[in-house]
Amino acid sequence: MNEILSFFGDNKETFYFVILSIFVGIEVIGGVPTVLHTPLMSGANAIHGVVIIGAIHVMLNVEEGNYFALALGFLAVVLGTLNVVGGFVVTDRMLEMFKKKK
Amino acid sequence: MNEILSFFGDNKETFYFVILSIFVGIEVIGGVPTVLHTPLMSGANAIHGVVIIGAIHVMLNVEEGNYFALALGFLAVVLGTLNVVGGFVVTDRMLEMFKKKK
Amino acid sequence: MKHNLLEICYLIGSITFIIGLKMMGNAKTARKGNLIGAAGMTIAILGTIFLHEGCISATIFGLIFGAIGLGTAIGWMTAKKVQMTKMPELVSMFNGMGGACAALISLIEYNHLRHAAEELPPFALAAMAMMGGASMMYGTMLAIIAGLIIGTISFSGSIIAYLKLNGTMNQPIRLPKYNVINTLVMIGVFTFGGYIVVTGGSSMLVYLLFAAAIVYGVLFTIPIGGADMPVVISLLNSFTGLAAAFGGFLYSNKIMLTGGILVGSAGTLLTLIMCKAMNRPLSNVIFGAFGGGSATAGTTDIKGSIKDIQVADLAVLMNYSKRVVIVPGYGLAVAQAQHVIHELELLLEERGVEVKYAIHPVAGRMPGHMNVLLAEANVDYGKLIEMDDINPEFEQTDVVLVVGANDVVNPAAKSDPASPIFGMPILEVDKAKNIIINKRSMNAGYAGIDNLLFYDPKASMFFGDAKKALTELVAELKTME
Amino acid sequence: MKHNLLEICYLIGSITFIIGLKMMGNAKTARKGNLIGAAGMTIAILGTIFLHEGCISATIFGLIFGAIGLGTAIGWMTAKKVQMTKMPELVSMFNGMGGACAALISLIEYNHLRHAAEELPPFALAAMAMMGGASMMYGTMLAIIAGLIIGTISFSGSIIAYLKLNGTMNQPIRLPKYNVINTLVMIGVFTFGGYIVVTGGSSMLVYLLFAAAIVYGVLFTIPIGGADMPVVISLLNSFTGLAAAFGGFLYSNKIMLTGGILVGSAGTLLTLIMCKAMNRPLSNVIFGAFGGGSATAGTTDIKGSIKDIQVADLAVLMNYSKRVVIVPGYGLAVAQAQHVIHELELLLEERGVEVKYAIHPVAGRMPGHMNVLLAEANVDYGKLIEMDDINPEFEQTDVVLVVGANDVVNPAAKSDPASPIFGMPILEVDKAKNIIINKRSMNAGYAGIDNLLFYDPKASMFFGDAKKALTELVAELKTME
Ligand SMILES: NC(=O)c1ccc[n+]([C@@H]2O[C@H](COP(=O)([O-])OP(=O)(O)OC[C@H]3O[C@@H](n4cnc5c(N)ncnc54)[C@H](OP(=O)(O)O)[C@@H]3O)[C@@H](O)[C@H]2O)c1
Ligand SMILES: NC(=O)c1ccc[n+]([C@@H]2O[C@H](COP(=O)([O-])OP(=O)(O)OC[C@H]3O[C@@H](n4cnc5c(N)ncnc54)[C@H](OP(=O)(O)O)[C@@H]3O)[C@@H](O)[C@H]2O)c1
């Protein structure tokens, strides 16, 4: 109990941060029309591609000679980029369709 | 410029905190019907009564013998309580009216 | 341990504020939302006292509870006793109290800081400055001064708003070139504050700043017409929120920060939404294009003549109608005629007449004014029809009875691009078969403009104070049986 | 200095994510919102590379840009080239890539941590543990393992979802008692993960965990019918968001945190909203009450008989109608008949027939499916009428042409409380004067239930593959002139 409390105390900034972000996430989506569900899903998909920052971080900090980590990191960056670029481009294409001749 | 940057760096948690809170505040209000404007205003009014926490803080930490600070603190707590209690009660009364016989 | 528990209380409080505000934005959950916010506040306040680290002397303890008790007693009683129509006054007053509270905290903390700095030997200050303490000092000072200025403006502004709503000060007071003067004073106050932050100032200077901020709050509010006060209060509300947030910075107190910022941003948005509902930009409210309703009345040339109708004829007309729609407006509120109108409604319904109320979103002087008023008189909620739903029904309406409303039924909003209310959605009463307008004179309403509706061939004026006139109408109807 | 600049990039990025997502929720601003998000992401990525403190060897630099270049090329081309109807597959695939990226990061960082711990002498570890470093270690470990599990599930789940949408794996595969098995496997995986966090584990164990999570992702997805995949993808989407957020904890990286949590919570809500639009609880989707469309077909006893109509008769009927409404459904998408239908529409309009499309919100297999499809075929946006707006118009409609739709026009949703789709709002085509239904057979649709509409006296079946049948109809109409 005490440990949980002090864990909370040490990380209270993070708790607020997480909770506020959750609220923003929820509020921001409220009341989307059905038609936008697919592009919204795909747009959100592109945004979690932010995980690529972590992959780049790995590569920037890999110890010299650790080829295994380097290879995995390379793969991670490729996959992350796919997620980001593919996600945004696909979403844009979908939304372009929606707009057409509106 | 450098100072501003390092000020930002030192307080980045706070910046995120403030910005996320602003977004939550804005999102939370989006699309209120006109009829609720007055009670919502009054409810928000009660919430900023949270400043009373500061007033209590002052009184808890006042140095012994500093009667001036004590008196001002006392006044601040009274005013803060007025804001909080009055705000919530008035809002409740208004909303009670709205509900009646719905 | 205690400290961490307290932080949890604050987190819970912050969450209740968010959820509470969210729920208050929806008619069905609004009341519960308010109570949730109140519960969170209680937790935060009790936590602050009982989870304080270090011992508290009995005196302090007693004083705190005395202050809270006193505030609760006064706040509760005033809030419970006040008339429904006086709600906005009260909100304004409570808002001012919050602002004053923030200002007092800043005053105390400033003195505290000064004191601490004076007791330190100069070289310690220099050392602190070198270690980056200076930027911290500036930060603290900034929070104190900003809280002081904003809290004080909110305080004195709210008091003026209160007096205006109260009727004590019911004409906008406009110094010549007041917009220029106000802007200069504002710049002056903030520059002065900045000077104190940078130099450290002195107690004397801070009291001067306090006084200057009071003056600015007054100057800011007095030129604005009484009817615009709801918007002003909403704005001052977000100011107090900001002041509370600065308090949060000062004490690195998370709940003051969330609560304050939340209200600050939500309040600002609400202010803008209110202006939009009235179809006016905020600048127009603050710099007062109209709102006094005194200057511009009766400028249009009116062609045509008005008819008036006697109470006996009106009673007959209404008695034999099938569908009647009542349009309540500001005059109904002023005359406190909500109970009589309800009586009229019941009487007509008894005789088989269908009666509805047409509620314009900005009828009266505060949002939802008519709903609150009629709810107070026990009018059935289902009979209050919103503008968009009632407008298509006017064509099938036999009699529209406009009671003390003016701008909200002014067809100029649709037809005259030069009119100041052009673009505001209105109740389209001119489609009804008969239009009866009750007011005391031909005077203009809030926007200070003439109303061509009164000259409509289908319209008849039923002059008199709303309460008196309706009471007569009810009496007349009763004799008819 | 560089570091602080980087933090500002991250802050800007976070804000663009919020604003972008917000704008994507509104049809008018959606496209701009997506671009804003993309801009923020670019800033964050470039910032991470160029504002890195310490020097980067040319090799690393080259490798990073190589990887980004490769990913961009593949991602861009695939996204640009893919057919509109294959969008959901692609989204699913990209989602899986993100999950895999998170999992890989976790694998690398786990090895890194192990390595570091092994190089330290035991007493140093003990000392760290005493100084509270242990709790930090646990925290790091937790972030790594959670990111690994969730990212991996999202990865393998998305691949299965891809294969299902693709048609490669088009029947739900259900082991006996699959719900129990799945739940047990899930508990197993998380317990295993917990064990590693507490004990520190070993590389071997972590690879095992990785494998187990892959298996769970597969098990989770295979029992769910292909048609429910959009919901599943949305759910896996929020999983990847969560995995990214754990990456954010690991590196105390704010933008990974905001981006991840934002998508995690928004994605979860979106999943629930989707389920609500289909009038089914989420549990029903995951534990698969229907969605395979194979098991329950044809259970109701049908009274009455069906009529069918020949292409020549249909052409005459349509040619001499005044108002035609086309109801597109899943079959239209499968048959790729969107271009023919547009041709039909133009032909009819030429002959003075008014043609509209009735768009049901969940027609087809992904939200907005019909809008995308018809937009692709250049159908005028103004002709696509939403359900609520078209329903009152059916009464004045001469011919309703239902093309490959079934559930969305099933009157059981209104009349039969025992039906699995009871309560879902439908297109009320049975009010039209003539109902023509094009499908290949009497087979059921997605929900696997019979449709009484086909037996309506006003209804005629027009059997055949949508594309083929409509092409014939168009040809016939052309000969009529
Ligand atoms: N609701 C809000 O939130 C809000 C806030 C700020 C401003 N406003 C503004 O307020 C206006 C509201 O329109 P409204 O039509 O309700 O009111 P209005 O346009 O202000 O007209 C009220 C009318 O009531 C009459 N009246 C006053 N006292 C009366 C009494 N004792 N008995 C009978 N009649 C009486 C007045 O005429 P006589 O003097 O001839 O009797 C006046 O013309 C709009 O312009 C709106 O923009 C509304
Ligand atoms: N839109 C979404 O987001 C979404 C997501 C998940 C689930 N769903 C569900 O999907 C359903 C959508 O309803 P719906 O009416 O569009 O489709 P549906 O009920 O699935 O019916 C489609 C019909 O099209 C016919 N068809 C198939 N291939 C065809 C072809 N080549 N040519 C002509 N007809 C063909 C089939 O009959 P034959 O085999 O006899 O030809 C089938 O009865 C709803 O139950 C909805 O809840 C929607």
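Residues numbered from 1 in each chain as written. Chains lettered and ligands numbered in written order. Predicted model: local features only at pLDDT ≥ 70, side-chain atom pairs only at ≥ 80, totals over all residues. Heavy atoms only, no water.

### What about the pairing of strand β2 (residues 354-359) of chain C?
Residue and element names in this part refer to chain C.
Phase 1: Counted residue by residue, β2 has 5 buried out of 6 residues, so it is predominantly covered.
Phase 2: Summarising the sheet, strand β1 (residues 323-328) and β2 pair through 4 bridges and their orientation is parallel. When the sheet's bridge partners are listed, Val325 is paired in β2 with Lys356.
Phase 3: Here β2 runs beside strand β3 (residues 384-386); their pairing, made up of 3 bridges, is parallel. Each bridged residue has a counterpart across the sheet, and for Ala358 the counterpart in β3 is Ile385. (Buried < 20%, exposed > 50% of the residue type's maximum accessible area, 1.4 Å probe, protein only. Helix = DSSP H or I, 4+ residues; strand = E, 2+ residues; numbered from the N terminus. Pairing = 2+ DSSP bridges.)

### Looking at the domain arrangement of chain C
Phase 1: Once the domains are mapped, chain C shows domain 1 (1-81), domain 2 (86-288) and domain 3 (311-478).
Phase 2: Look at where the C-alpha atoms of domain 1 of chain C and domain 3 of chain C centre, and you get two points 43 Å apart. (Domains from an automatic or database assignment.)

### What to know about a nonpolar patch on the surface
Phase 1: A cluster of nonpolar side chains, Val180, Leu184, Met186, Ile187 and Phe190 of chain C, forms an exposed patch at the surface whose accessible area comes to about 450 Å².
Phase 2: Note that Phe190 of chain C resides in helix α7 (residues 178-199). (Patch = residues over 30% accessible without salt bridge, like charges linked within 9 Å, V, L, I, M, F, W, Y side chains within 5 Å. Areas by Shrake-Rupley, 256 points an atom, 1.4 Å probe, with all protein chains shown as cover. Salt bridge = Lys/Arg side-chain N within 4 Å of Asp/Glu carboxyl O.)

### Concerning the packing of aromatic side chains
Phase 1: Throughout the structure, instances matching the rule amount to 14 aromatic pairs over all chains.
Phase 2: Summarising the aromatic geometry, the rings of Phe220 of chain C and Phe239 of chain C are spaced 6.4 Å apart at their centres and angled 35 degrees between planes, so their arrangement reads as tilted. Of the two residues, Phe220 of chain C sits in helix α8 (residues 203-221) while Phe239 of chain C sits in helix α9 (residues 229-251), which places them 19 residues apart along the sequence.
Phase 3: What makes Phe220 of chain C buried here is its relative accessible area of 9%.
Phase 4: Assessed through its relative accessible area of 25%, Phe239 of chain C is described here as partly exposed.
Phase 5: Three or more aromatic residues joined by ring pairs make a cluster, and in this case those are Phe50, Phe61 and Phe65 of chain C.
Phase 6: Above the ring of Phe17 of chain A, the side-chain terminus of Lys254 of chain D is found at 4.8 Å from the ring centroid. (Phe/Tyr/Trp six-rings, centres within 6.5 Å; stacked < 30°, edge-to-face > 60°. Lys NZ or Arg CZ within 6 Å of the ring centre and 35° of its normal.)

### Describing the environment of Arg351 of chain D
Residue and element names in this part refer to chain D.
Phase 1: By the element assignment, Arg351 lies in the loop between α14 (338-350) and β2 (354-359).
Phase 2: Under the relative-accessibility criterion, Arg351 is labelled partly exposed at 22%.
Phase 3: In this structure the C-alpha to C-alpha distance between Arg351 and Thr240, which are 111 residues apart in sequence, comes to 52 Å.
Phase 4: A distance of 3.0 Å separates the side chain of Arg351 from the backbone oxygen of Leu477, its partner in a polar contact. (Polar contact = N/O pair within 3.5 Å; in protein donor to acceptor, adjacent residues only side chain to side chain.)

### What to know about the site of ligand 2
All names here are of chain D.
Phase 1: The local shell around ligand 2 holds 28 residues, among which Arg365, Asn406, Asp407, Ser441 and Asp465 are the closest.
Phase 2: Between ligand 2 and the protein, one listed contact pairs a nitrogen atom with a backbone N or O atom of Ala363 at 3.3 Å.
Phase 3: Within the side chain of Lys439, a nitrogen or oxygen atom sits 3.0 Å from an oxygen atom of ligand 2.
Phase 4: For ligand 2, whose unbound accessible area comes to 930 Å², protein coverage reaches 96%.
Phase 5: Per-class residue counts for the shell around ligand 2 are 13 nonpolar, 10 polar and 5 charged. (Near = heavy atom within 4 Å. Nonpolar A, V, L, I, M, F, W, Y, C, P; charged D, E, K, R; others polar.)

### So, the interface of chain D and chain B
Phase 1: In this complex, chain D contributes 16 residues to the contact, which on the side of chain B involves 13 residues.
Phase 2: Of the roughly 1,300 Å² buried between chain D and chain B on both sides combined, carbon and sulfur atoms contribute 76%.
Phase 3: On the chain D side of the contact with chain B, Asn4, Leu11 and Lys254 of chain D bury the most area, a combined 40% of that side's loss.
Phase 4: At the junction of chain D with chain B, the criterion picks out 3 salt bridges.
Phase 5: The shortest N-O distance in the salt bridge between Lys254 of chain D and Glu13 of chain B comes to 3.3 Å.
Phase 6: There are 5 residue pairs in polar contact (both at pLDDT 80 or more) connecting chain D and chain B.
Phase 7: Those elements that provide at least two residues to the side of chain D that touches chain B are α1 (2-24) and α10 (254-277) of chain D.
Phase 8: The element that contributes the greatest number of residues to the side of chain D that touches chain B is α1 of chain D, accounting for 12 residues. (Contact = heavy atoms within 4.5 Å. Buried area = accessible area lost by both parts, 1.4 Å probe.)

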